[in-house]
Structure formats: structure tokens, C-alpha cells
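# A closer look at the structure
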Amino acid sequence: MPTPEALRVYDDPDHFERVRVRANGVTFGVRVAGDEKSPKLALLLHGFPECAYAWRYQMTLLAERGYRVWAPDLRGYGASDKPRRVADYRVSELVLDVAGLIDASGAEEVLLVGHDWGGMIAWHFALRRLRKLAGLVVLNIPHPRLFLRAVTRPGPQLGRSWYIFAFQLPLLPERLLARDDYRAIAGAFLGMAVDKSRFPREVIDVYKRSADEPGALSGMLAYYRAALRHPSVVKYPTLETRTLMIWGEEDRALGKELTQGTEELVRDFTLRFVPRCSHWVQQEAPEVVNAMLDDWLAARPVREASAIARG
């Protein structure tokens, strides 16, 4: 089981040192933990509208397990560069960011972890086999083939994904997200979270400040705009990388049914659900997520959430 220290929440976003890393022509602000000389890298990719702070519970755990941990603000977010062209946010560029960060680290072994948009980038990176991965962990983001199928035909997921189409409008989405002291950013977390106590004001303020960086809102939205204007073309081969998927069951943005069929697309696949938990699974249920991750890293049978709760 993870130690109590590994599950501490650091409300101070500067608890973890930030370094600057140049990769793929972009300078990234990267939160770091662990032994900087470790040959093992855990690279953590956040989602929308988050930043590296979303991994505050997992960074210490992974450092304790011998990883050098890098949690970058993705391009367009927080302390990282914010290219202005929508085309700069197409998936083909985002996966090159990952390759560049791995190369910059000099690591010999890489664990890639992603949530939401970060998870989609991680899926694509693994499927394209740009660099060798020791493992892939995805949280509340489906396999790209299953997501594409769900949003291109009538069904519940198409309705849930309405915001993707709304974000295509120019300027208005930025104004709506910034209005009333970024009320919509706060609402993204508090509106979906089951356990709202995990998102006190000091946590929400971190995400507001990240979104308030010059150019950040347009950068964040450019992921969605590029997804429709510059769609990624992938043959989706069977994924050989050992993969763990963790899914908060009460995700209002991405339905649980999107996990069905993943086992046919990934050779070595483990799926675990977290009940009474939202899309923000690693922040809302860190004790459960970290215990599952710890089991998987140690090559133990990954316990169900109910077994973890019983201790």
C-alpha cells in the first residue's frame, strides 16, 4: 500500500520544483520529483482544464517507487509555451512533444501516464510506437478508436461531447471561460465531482491562475479545435504495451460504456473502476488510484476498489 506520505496533498502548487525543458521546439514548465539520476522516468500528462498540479497525489508515490517524475504543463497551459496557431495543437505535434520530453530526460525506461486529453495523447503516442514504453496508464479516457466510433454516430456520447463543437466558435468560448473570475473553470471541477471536498478553494485557485496565463485559454481550447480541423489518421494496430486503465464510474463527460471492447485492442490490459467517483479520478480518489497503480507497478493482481476500501 502507498505510504501516508505518498498520499499527502500539497495545496501549495510550488511544493514540487519546476524546471524548464526544451522539447520539440517548445519550452515546457515541468514539475519534478524523485531522483534526477534515476534511469526510470514517469511522465505524467494532464487534461483539460488542468495543469501539472493535477498529479500532486501521484508524484510522491512514483518517486518512492524509484522513478524520476516529470509532470509538464502541456503546450498551451500554465508555465509552458503557448503557440498561437491551431495547427500547432494537432495530435501529430502533441505526440512529438512526448517524444521530445523523453529524449530530453535521457531515461532508459519510461512509464507514460495520462488523464483526459493527456490520456488521449498517451494513447496515440503508444499506438504510433514513437519510443519504447515500459508501461501505459490511462485514466478516464477511452481508446481513440472507441472514442471516435462513439462521437461519429448517434448515441449518448455524442450528446455528452456537445462542448467539443461549442469550442469551435472563435473568441466566445474564451470569454465564457474567463467570465466572473473563471467561474466555468471552477464549475468544471465542482460541477462534476462527487466528493467536492477534494476541490477546496485553494485547489480551484491553482487552475484559475493557470488559465489566467496570457494565451492559455486559447491554447487550451486549441486542442479541441485542432481535433476537428486537423483530424489524426491512425491505423490503430493492436497495442503491445502493458496497459492499466482506471475509470471513475460517475464521469459525466465520458461514459463508462466507452471502456467496452478495449481488451480486444490491447494485448496486456487491466481495467479497474472506481465507484462514486467522477472524471477527476486521480484527484478525487487518490487513495484508491494510487493503491491500484502501486499493485500494477509491482506486478501484483490489481485489487478492485472495494478490496482497497476494506484495507
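Because the structure is a prediction, the values reported are computed rather than measured.

## Quick look at the pattern of salt bridges
Opposite charge on two side chains permits them to pair, given that their charged atoms come into close proximity. Considering all chains together, one arrives at 20 salt bridges under this definition. In this structure, E257 engages R160 in a salt bridge whose closest nitrogen and oxygen atoms are separated by 2.9 Å. Of the two residues, E257 is situated in the loop between β7 (243–248) and β8 (269–274) and R160 in helix α5 (residues 156–160); the sequence distance between them amounts to 97 residues. Note on E257: relative accessible area 30%, which makes it partly exposed. Looking at R160, the relative accessible area reads 26%, which means it is partly exposed. Across the pair E249 and K256 runs a salt bridge, and its minimum N-O distance is 3.0 Å. Classification of E249 as partly exposed rests on a relative accessible area of 30%. Taken together, the salt bridges that share partners define one network made up of E64, R65, D294, D295, R300 and R303.

## As for the nonpolar core
Core analysis: the biggest nonpolar cluster contains 80 residues, and L43, L112, W117 and I121 have the highest contact counts within it. Ignoring sequence-local partners within four residues, the contact set of L43 consists of W70, P72, V98, L101, I102, L111, L112 and V113. Counting 31 residues, the second-largest nonpolar core is a separate cluster that includes L61, A71, V274 and V288.

The rules we used
Residues numbered from 1 in each chain as written. Predicted model: local features only at pLDDT ≥ 70, side-chain atom pairs only at ≥ 80, totals over all residues. Heavy atoms only, no water. Salt bridge = Lys/Arg side-chain N within 4 Å of Asp/Glu carboxyl O. Helix = DSSP H or I, 4+ residues; strand = E, 2+ residues; numbered from the N terminus. Buried < 20%, exposed > 50% of the residue type's maximum accessible area, 1.4 Å probe, protein only. Core = buried A, V, L, I, M, F, W, Y, C linked by side-chain atoms within 4.5 Å. Contact = heavy atoms within 4.5 Å.

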